[in-house]
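Observations on chain architecture
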Amino acid sequence: MKKIILSIDGMTCSACSNGLEKYLNKQEGINKASVNLVMANALIEYDEKVLNQEKIEKFVEEAGFKSLGLFKEIKIEDEKKSEKYKFLIFLILSIILMYVSMGHMVGLPIVEFLNMHVNPISYAVTLFLLTIPFLIYGFDILKNGYKNLIHKTPNMDTLVAIGVESSMLYSLYSTYMIIRGNYSYVESLYFESAAIVIFFIKLGRYIDKLSKDKTKEAIKKAKEYIKWEKWKWLYAEDMYTVERERYLDEPDSLEAYDTACEYGAMGVFYTFSDDEED
């Protein structure tokens with residue numbers, strides 16, 4: 001049996017990692033697979049007489065994800081300013097969209113051009129135009145959702161994609177009926193629902209990314225300290241537990257130990273002598 005750790009791209013939630021793990025464990029030649037969402041990797045034990053890395057990466061692709069090759073180190077992506085600006089722009093668009101679609105419900109003043117009862121056609125078309133940027137913004141979610149559905153590994157993206165598509169199709173039909181003169185369909189527009197769902201999913205992933213980066217940073221610092229102290233890092237399959245009490249008289253060691261445990265490190269460490277060092 002041989003073990004490899006692959007970097008995985010495309011996992012956005014626990015359903016993704018669980019789905020990939022179950023799919024890999026079903027494949028012939030794989031003895032055991034363990035997928036880590038935070039570290040975005042998969043630890044795979046397989047029979048090298050039956051499989052190789054290329055075939056395993058194909059399994060990953062069949063499950064709806066992408067292998068980035070062997071996992072070598074913890075990577076923390078630099079946060080781009082453009083992402084912050086993009087998020088701010090869509091926050092403003094969300095407020096405008098909600099104001100146009102629901103402002104009248106709370107008594108806010110609405111210009112006559114966007115009054116759903118006075119100008120239903122302009123109201124419907126405006127909502128549609130405001131929704132288009134959100135569809136582009138969340139295209140990756142929609143694409144991944146249907147891709148995972150095709151591969152029979154539906155996840156949260158699949159649910160979002162179906163919900164957004166349903167809202168858009170029904171709203172487009174309602175807009176068509178409004179243009180034909182059936183103004184009662186103005187009450188059946190759900191463009192803002194599709195847009196706001198995408199916005200909040202993006203918001204959640206933005207916050208989740210910040211949290212994951214903090215976790216990775218903590219683990220990276222712990223690993224650097226482990227290397228400095230001549231400790232050995234063990235991955236999940238090889239780990240053995242170290243009692244916390246062992247480090248009570250060593251403040252620096254205790255801090256590194258607690259950091260690794262607090263942030264859910266996928267490995268633990270132990271002290272070893274110089275002649276044991278690789």
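Our structure is the block above this text.
These remarks concern the structure in this document. Here the structure is a predicted model, which means the values were calculated and not measured.

As a further point, take helix α1 (residues 14-25). Along its 12 residues, α1 runs 16 Å from first to last C-alpha, staying within 8% of the 16 Å computed at 1.5 Å per residue. Within the sequence span of α1, burial applies to Cys 16, Ser 17, Leu 20, Tyr 23 and Leu 24. Buried residues in α1, looked at end-on, bunch into an arc of 130°, giving them a common side. Against the buried residues of α1 lie β1 (2-9), β2 (30-36), β3 (41-46) and α2 (53-62).

Our focus in this paragraph is the packing of aromatic side chains. Here the distance between the centres and the angle between the planes together describe a pair of aromatic rings. Applying the stated criterion across every chain yields a total of eight aromatic pairs. Taking the centre distance of 5.2 Å and the plane angle of 70° together, the rings of Phe 90 and Phe 134 count as edge-to-face. Placement of Phe 90 in helix α3 (residues 81-102) and of Phe 134 in helix α4 (residues 120-137) is noted, with a sequence separation of 44 residues between them. Considering the side-chain rings of Tyr 173 and Tyr 185, the 5.8 Å spacing of their centres and the 85° angle between planes classify their relative orientation as edge-to-face. You can see Tyr 173 sitting in helix α6 (residues 156-179) and its partner Tyr 185 sitting in the loop between α6 and α7 (191-228), a full 12 residues away along the chain.

The next subject is the sheet that holds β3. Strand order in the open sheet formed by four strands is β2-β3-β1-β4, with antiparallel pairing between adjacent strands. Unpaired on one side and paired on the other, β2 and β4 (66-70) mark the two borders of the sheet. Neighbour-to-neighbour, the strand axes of the sheet open up by a mean angle of 30°, direction not taken into account. Direction of pairing for β1 relative to β3: antiparallel, over a ladder of six bridges. Opposite Lys 2, over in β3, you have Tyr 46 as the bridge partner. Relative to β2, α1 is tilted by about 170°, and along the sheet it contacts β1, β2 and β3.

Residues Tyr 123, Leu 127, Phe 134, Val 164 and Leu 189 are the most contacted members of the largest nonpolar core, which totals 30 residues. Sorting the residues of this core by element identifies α3, α4, α5 (139-150), α6 and α7 as the ones contributing at least two each. Beyond its immediate stretch of four places on either side in the chain, Leu 127 contacts Leu 97, Val 100, Ser 101, Leu 189, Phe 191 and Glu 192.

The next subject is the pattern of salt bridges. For the structure shown, the criterion picks out two salt bridges. A salt bridge links Asp 140 to Lys 202; the nearest nitrogen and oxygen atoms lie 3.1 Å apart. Of this pair, Asp 140 sits in helix α5 while Lys 202 sits in helix α7, placing them 62 residues apart in sequence. Given a relative accessible area of 16%, Lys 202 falls into the buried group.

This paragraph deals with a nonpolar patch on the surface. A contiguous nonpolar patch, built from Ile 121, Val 125, Leu 129, Ile 132, Ile 136, Ile 179 and Tyr 183 and spanning about 630 Å² of accessible area, is present on the exposed surface. With five residues, the single largest contributor to the nonpolar patch is α4. Inspection of the secondary structure assignment puts Ile 136 in helix α4. With relative accessibility at 63%, the residue Ile 136 sits in the exposed group.

Attention shifts here to α6. Here α6 is 24 residues long and its end C-alpha atoms lie 34 Å apart, about the 34 Å a rise of 1.5 Å per residue gives. Within the span of α6, buried status applies to Asp 157, Thr 158, Val 160, Ala 161, Val 164, Ser 167, Met 168, Ser 171, Ser 174, Thr 175, Met 177 and Ile 178. By the N-cap criterion, in which a side-chain oxygen at the helix start approaches the backbone nitrogen of a residue two or three places on, α6 is capped by Asn 155, the distance to Asp 157 being 3.1 Å. Among the residues trailing α6, Gly 181 stands out with phi positive, at a value near 110°.

At their nearest, the axes of α1 and α2 sit 10 Å apart, and the two run at 135° to each other. As the angle between them shows, α1 and α2 are arranged oblique. Crossing of α1 over α2 shows right-handed handedness. Across the interface between the two elements, Leu 20, Tyr 23 and Leu 24 from α1 touch Phe 59, Val 60 and Glu 62 from α2. The residue inventory of the contact of α1 with α2, partitioned by class, reads five nonpolar, no polar and one charged.

Cut-offs applied
Residues numbered from 1 in each chain as written. Predicted model: local features only at pLDDT ≥ 70, side-chain atom pairs only at ≥ 80, totals over all residues. Heavy atoms only, no water. Helix = DSSP H or I, 4+ residues; strand = E, 2+ residues; numbered from the N terminus. Expected span 1.5 Å × (residues − 1). Buried < 20%, exposed > 50% of the residue type's maximum accessible area, 1.4 Å probe, protein only. Arc of directions from axis to C-beta. Contact = heavy atoms within 4.5 Å. Phe/Tyr/Trp six-rings, centres within 6.5 Å; stacked < 30°, edge-to-face > 60°. Pairing = 2+ DSSP bridges. Axes fitted to C-alpha atoms, helices over the stretch in contact; angles between N-to-C directions. Core = buried A, V, L, I, M, F, W, Y, C linked by side-chain atoms within 4.5 Å. Salt bridge = Lys/Arg side-chain N within 4 Å of Asp/Glu carboxyl O. Patch = residues over 30% accessible without salt bridge, like charges linked within 9 Å, V, L, I, M, F, W, Y side chains within 5 Å. Areas by Shrake-Rupley, 256 points an atom, 1.4 Å probe, with all protein chains shown as cover. Polar contact = N/O pair within 3.5 Å; in protein donor to acceptor, adjacent residues only side chain to side chain. Parallel < 35°, antiparallel > 145°, perpendicular 65-115°, else oblique. Left-handed = near helix turned anticlockwise from the far one by under 90°. Nonpolar A, V, L, I, M, F, W, Y, C, P; charged D, E, K, R; others polar.

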